[in-house]
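Residue-level structural notes
Below, each chain spelled out in residue letters.
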Amino acid sequence: MNQWIFSIVICIVLFISLYLYFRFAKTWKKQRYELRADFFNKSEFIFYQILKSKLPNNFMIFSKTRIEDFIKVRQGFWAKEAYGLRSRIKSRHVDFLICSEYGKPLIAIEIDWLSHNNLDRQERDRFIDELYNEVWLPIHHIRVWENFEDRISGVINLLNNFRAVSSIIDHL
């Protein structure tokens, strides 16, 4: 009698397991996204840590920010033209964006890898540099093999000069 009950329980468990597998197998296989193991690569993380430790508290650091979040297409273009201009910036990102305490973008920073020697990457960088130049946003390209602390000191000096000039302009 116990063997019968045991066999029936095994059959029920097997049936339920098979039912659940076939019922949800398509869902399990269709998982299209997964969380990345880390947000920064090693060099970006080191750069961020140094920048965070050296940057005065009245500045904010944003990383991997979509360019369209801080640059927009001016009004006055036909819809098709505006869409074309927007499509050139909507999926691009900047590695680091330093903003004032009020959220005004002040400096963009790109960490350049060896891939930036490729022709297509150089064209992208040229477009980005022209874009930032058009909106008066300084861009700093820092090569991954450069001394991050020295380059960050240069960025901080530029920010301090910017703050001094802004203060003078505010008092005029």
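Calculation criteria
Residues numbered from 1 in each chain as written. Predicted model: local features only at pLDDT ≥ 70, side-chain atom pairs only at ≥ 80, totals over all residues. Heavy atoms only, no water. Patch = residues over 30% accessible without salt bridge, like charges linked within 9 Å, V, L, I, M, F, W, Y side chains within 5 Å. Areas by Shrake-Rupley, 256 points an atom, 1.4 Å probe, with all protein chains shown as cover. Salt bridge = Lys/Arg side-chain N within 4 Å of Asp/Glu carboxyl O. Helix = DSSP H or I, 4+ residues; strand = E, 2+ residues; numbered from the N terminus. Buried < 20%, exposed > 50% of the residue type's maximum accessible area, 1.4 Å probe, protein only. Phe/Tyr/Trp six-rings, centres within 6.5 Å; stacked < 30°, edge-to-face > 60°.

1. Structural notes on a nonpolar patch on the surface
Taken together, the side chains of Trp-4, Ile-8, Ile-12, Phe-15, Ile-16, Tyr-19 and Leu-20 define a hydrophobic patch exposed on the protein surface, amounting to about 790 Å² of accessible area. The residue Trp-4 is located in helix α1 (residues 2–29) in this model. Note on Trp-4: relative accessible area 62%, which makes it exposed.

2. Things to note about the packing of aromatic side chains
Applying the stated criterion to the full structure yields eight aromatic pairs. Taken together, a centroid distance of 6.3 Å and an interplanar angle of 45° make the contact between Phe-40 and Phe-45 tilted. The class for Phe-40 is buried, based on a relative accessible area of 13%. Ring centres of Phe-47 and Phe-148 lie 5.2 Å apart, and the angle between their planes is 90°; on these two criteria the pair is classed as edge-to-face. In this pair, Phe-47 sits in helix α2 (residues 42–54) while Phe-148 sits in helix α5 (residues 148–170), placing the two residues 101 residues apart along the sequence. The two residues Phe-47 and Phe-148 agree in class, both being buried. Through a chain of ring-to-ring contacts, three or more aromatic side chains come together here, namely Phe-39, Phe-40, Phe-45, Phe-47, Tyr-48, Phe-96 and Phe-148.

3. Regarding the pattern of salt bridges
Scanning all chains against the criterion turns up eight salt bridges. A salt bridge links Asp-69 to Arg-66; the nearest nitrogen and oxygen atoms lie 2.7 Å apart. One salt bridge in this structure joins Arg-124 and Asp-125, with 3.4 Å as the shortest N-O distance. Take Asp-125: its relative accessible area is 9%, and that puts it in the buried class. Here the residues in one salt-bridge network are Arg-66, Glu-68, Asp-69 and Arg-86, joined through shared partners.

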